[in-house]
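# Overview (structure and organization)
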Amino acid sequence: MDLRAGRFDGQMTDDAAKFSSSIEFDRRLFDADIKCNRAHTTMLMEEGIIPEESAKKILDALDKLETEGIDALDMNPSFEDIHMALEDYITKLIGQEAGFMHTAKSRNDQVCTDVRIALKEEIENTIGAIKDFIRTIVDMAKDNLDTLFIAYTHLQHAQPNTFAHHLMAYANELRRDCERFEDTYKRVDMSPLGSAALTTTGFPINRNRTAELLGFTKVMDNSIDGVSSRDFAAEAIFDYAMLSTTLGKMADEVVIWSSYEFRMVECSNQYSSTSSIMPQKKNPDIAELARGKSTIAYGELMTVLSMIKGIPHSYNRDLQEVSPHLWNAIDNTNEILKIMHGMISTLTINKDRTEYLAGANFATATELADVMVRHKNIPFRTAHKIVGRIVSEAIDEGIGTNDIDDDYVNRISEMVTGSPINLGDELVSQALNPLKNVKSRTVKGGCAPSAVEESIEIMEDYLSE
Ligand code: ARG
């Protein structure tokens, strides 16, 4: 099927044909293109725009193609795109009547309809995969409500935490990624079909009907916008880029936590590798690669934003180049999502180590200051000063958290304020105990097991919506 035959004589050079063909990356539009042609032909028939006999032949041919699969198409790069390859197939099968299928339809509205159909399915699958991952994380959190962990700011030891609480931070980030996709979906779920080349058509087509047949919730209100806009693709790539960020950040923590210096977690052998020269090595390669690959979607986002910037309305051939970058962002991010799900779910947590870290290095100091405020009614800033001094003296004297008792606190308090505090040994030791610390943080969003259980319930409600 040479579309050019009517207008020109002579062919494109092979290079030019190859340069302009989208056929390779159109492969993933195969199902959508059949659906689009089917819906359009059905509508044309129902509205009496094309002969019923011809429409039925076209629909049968589309069914046959669907059964045979993409290999039945001649995916020759001399075809500009899959729409031409499909047209060629139908024409070879039923002859010139195939041409009725193209009444009031352009490849301009067809391609963006196809991309939207395919993207909707991708988004649905990604949402499903994120929710599965969240479910795994929630199960892990339930098993680790009391598992002490250490939380960092500036990557410096900060306060005791539980592993469950940290895991639920991941779950909440992923939930927002999911919600972002749910929101984007609304803007993808609009039918441009019927925009035709750019200003619709003089045929009395029924755009609501094709939208309905294709499962679109809305018809796009403006045909110029219909064929020219790709903001839906850029937005979806942003969502994938943001999901990549969430996953890359998790991967980064696994790399840090699994180092000998941290020793907080160990990756399963299934997600680790070794060194070709250092026999002792166990490297978290999968986490590193997840972190590295998480940048790919950012590049695709910049590419697509640059492509759609500053081109005039309406359809421009530049838009063809959006799709491969969209698919690449999706494929890469899905791959990272899958591998991270596997890797996180098979992590071993080194509880002895995390318990030790939770209590070490004065991580419980904030609670000691809080106890002074709560029980002795002194301003927090004063308490902060006393405890800061306790820590610096203890470091100078080479003593640890467990050596700090009521006498010690009083001695420093006298140095700082001129009078002792007299908390008593019991309060001091409770304040400095990491498990008591986390259990006291029962505020909403806190790390106490009861608060984390509440956040798990909220998450489970979301997952079962
Ligand atoms: N292959 C094209 C694309 O992906 C389809 C539309 C082509 N339209 C045209 N007038 N050449 O954007």
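Worth saying up front: this structure is predicted, and the values here are computed from it rather than measured.

### Brief notes about the overall build of the protein
Counting its regular elements, the protein contains 19 helices and six strands. Over its C-alpha atoms the protein spans a radius of gyration of 31 Å, topping by over 25% the 23 Å that the globule rule assigns to 465 residues. Here the protein holds 465 residues, and the buried ones make up 50% of them. Sequence separation of 24 or more characterises 74% of the internal contacts of the protein that already satisfy a separation of 6 or more. Just so you have it, the protein exposes about 22,200 Å², and 51% of that area is on carbon and sulfur atoms. One finds the centroid of the 48 positive side-chain charges in the protein at a distance of 2 Å from the centroid of its 75 negative side-chain charges.

### Some remarks on the site of the ligand
Near the ligand the following residues occur: Ser22, Glu80, Asp81, Arg107, Asn108, Val111, Tyr315 and Gln320. Between a nitrogen atom of the ligand and a side-chain N or O atom of Asn108, the distance comes to 3.0 Å. A distance of 2.8 Å separates a nitrogen atom of the ligand from a polar atom in the side chain of Gln320. Protein burial of the ligand: of its 340 Å² of free accessible surface, 86% is covered by the chains. Residue classes in the shell around the ligand are distributed as two nonpolar, three polar and three charged.

### Some remarks on the pairing of strand 1 (residues 148-153)
Examined bridge by bridge, strand 1 and strand 2 (residues 156-162) share six bridges and lie antiparallel to one another. Bridge pairing in strand 2 places Phe149 opposite Asn161.

### Considerations on helix 5 (residues 107-143)
Between its terminal C-alpha atoms helix 5 stretches 54 Å, which fits the 54 Å expected from 37 residues at 1.5 Å a residue. Of all 37 residues that make up helix 5, 26 are buried, and the element is covered over most of its length. The residue sitting at the N-terminus of helix 5 and contributing the capping side-chain oxygen is Ser106; that oxygen lies 2.8 Å from the backbone nitrogen of Asn108.

### Description of empty space enclosed by the protein
One pass over the full model with this rule turns up one cavity of 30 Å³ or more. Within this model, the largest cavity holds a volume of roughly 30 Å³. Around the largest cavity, the lining residues are Phe362, Ala365, Leu368, Val387, Ile390, Val391, Ile404 and Leu432. Taken together, the elements giving at least two residues each to the lining of the largest cavity come down to helix 14 (365-376) and helix 15 (380-397). It is helix 15 that provides the largest number of residues to the lining of the largest cavity, a total of three residues.

### What to know about the packing of helix 3 (residues 52-68) against helix 4 (residues 82-94)
Closest axis-to-axis distance for the helix 3/helix 4 pair is 10 Å, and the angle between their directions is 115°. Viewed along their axes, helix 3 and helix 4 form a crossing whose handedness is right-handed. Touching Lys57, Ile58, Ala61, Leu62, Lys64, Leu65 and Glu68 of helix 3 are Leu86, Tyr89, Ile90, Leu93 and Ile94, all from helix 4. Classifying every residue of the contact of helix 3 with helix 4 gives nine nonpolar, no polar and three charged.

### Some remarks on the layout of surface pockets
In this structure, the second largest pocket spans a volume of roughly 290 Å³. Surrounding the second largest pocket, 14 residues form its lining, Ser258, Val265, Glu266, Cys267 and Lys282 being those nearest its centre. Of all the secondary-structure elements, those providing two or more residues to the lining of the second largest pocket are strand 5 (265-266) and strand 6 (348-349). Looking at side-chain class alone, the lining of the second largest pocket contains four nonpolar, six polar and four charged residues.

### Side note on the environment of Gln270
With respect to the helices and strands, Gln270 occurs in the loop between strand 5 and helix 10 (285-293). Residues Gln270 and Pro204, 66 residues apart in the sequence, show an inter-C-alpha distance of 60 Å.

### Describing the side chain of Ser294
Residue position: Ser294 is located in the loop between helix 10 and helix 11 (296-308). In terms of polar contacts, Ser294 uses its side chain to reach the backbone carbonyl oxygen of Arg291, at 2.6 Å.

### So, the pattern of salt bridges
Enumeration over the complete set of coordinates arrives at 30 salt bridges. For the salt bridge of Glu80 with Arg317, the shortest nitrogen-to-oxygen distance reads 3.2 Å. Placement of Glu80 in the loop between helix 3 and helix 4 and of Arg317 in the loop between helix 11 and helix 12 (322-345) is noted, with a sequence separation of 237 residues between them. The salt bridge partner of Asp189 is Lys120, with a shortest N-O separation of 2.8 Å. Of the two residues, Asp189 is situated in the loop between helix 6 (163-188) and strand 3 (190-191) and Lys120 in helix 5; the sequence distance between them amounts to 69 residues. Accessibility assignment for this pair places Asp189 and Lys120 in one class, buried. Bridged by salt links that share partners, the residues Glu80, Asp81, Arg107 and Arg317 form one connected network.

### Description of a negative patch on the surface
Among the surface-exposed residues, Asp146, Glu453, Glu454, Glu457, Asp461 and Glu465 lie close enough to one another that they form a single negatively charged patch. Position of Glu465 among the secondary structure elements: in the segment after helix 19 (449-464).

### Some remarks on the packing of aromatic side chains
In total, this model carries four aromatic pairs according to the counting rule given. Arranged with centres 4.8 Å apart and planes meeting at 40°, the rings of Phe149 and Phe163 form a pair that is tilted. Highlighted residues: Phe149 in strand 1 and Phe163 in helix 6, separated in sequence by 14 residues. The buried category is assigned to Phe163, whose relative accessible area is 3%. Between Tyr152 and Phe262, the aromatic rings sit 5.8 Å apart at their centres with planes inclined by 55°, giving tilted as the arrangement. In this pair, Tyr152 sits in strand 1 while Phe262 sits in the loop between helix 9 (231-257) and strand 5, placing the two residues 110 residues apart along the sequence. For Tyr152, a relative accessible area of 25% gives the class partly exposed.

Scoring rules and cut-offs
Residues numbered from 1 in each chain as written. Predicted model: local features only at pLDDT ≥ 70, side-chain atom pairs only at ≥ 80, totals over all residues. Heavy atoms only, no water. Helix = DSSP H or I, 4+ residues; strand = E, 2+ residues; numbered from the N terminus. Rg over C-alpha atoms; globule rule 2.2 N^0.38 Å. Buried < 20%, exposed > 50% of the residue type's maximum accessible area, 1.4 Å probe, protein only. Contact = heavy atoms within 4.5 Å. Areas by Shrake-Rupley, 256 points an atom, 1.4 Å probe, with all protein chains shown as cover. Lys, Arg positive; Asp, Glu negative; His and termini not counted. Charge placed at Lys NZ, Arg CZ, Asp CG, Glu CD. Near = heavy atom within 4 Å. Polar contact = N/O pair within 3.5 Å; in protein donor to acceptor, adjacent residues only side chain to side chain. Nonpolar A, V, L, I, M, F, W, Y, C, P; charged D, E, K, R; others polar. Pairing = 2+ DSSP bridges. Expected span 1.5 Å × (residues − 1). 1 Å grid on protein atoms, 1.4 Å probe; cavity = no way out; pocket = protein on both sides within 12 Å on 5 of 7 lines; lining within 4 Å. Points joined across faces, edges and corners; volume = space filled by probe spheres on them. Axes fitted to C-alpha atoms, helices over the stretch in contact; angles between N-to-C directions. Left-handed = near helix turned anticlockwise from the far one by under 90°. Salt bridge = Lys/Arg side-chain N within 4 Å of Asp/Glu carboxyl O. Patch = residues over 30% accessible without salt bridge, like charges linked within 9 Å, V, L, I, M, F, W, Y side chains within 5 Å. Phe/Tyr/Trp six-rings, centres within 6.5 Å; stacked < 30°, edge-to-face > 60°.

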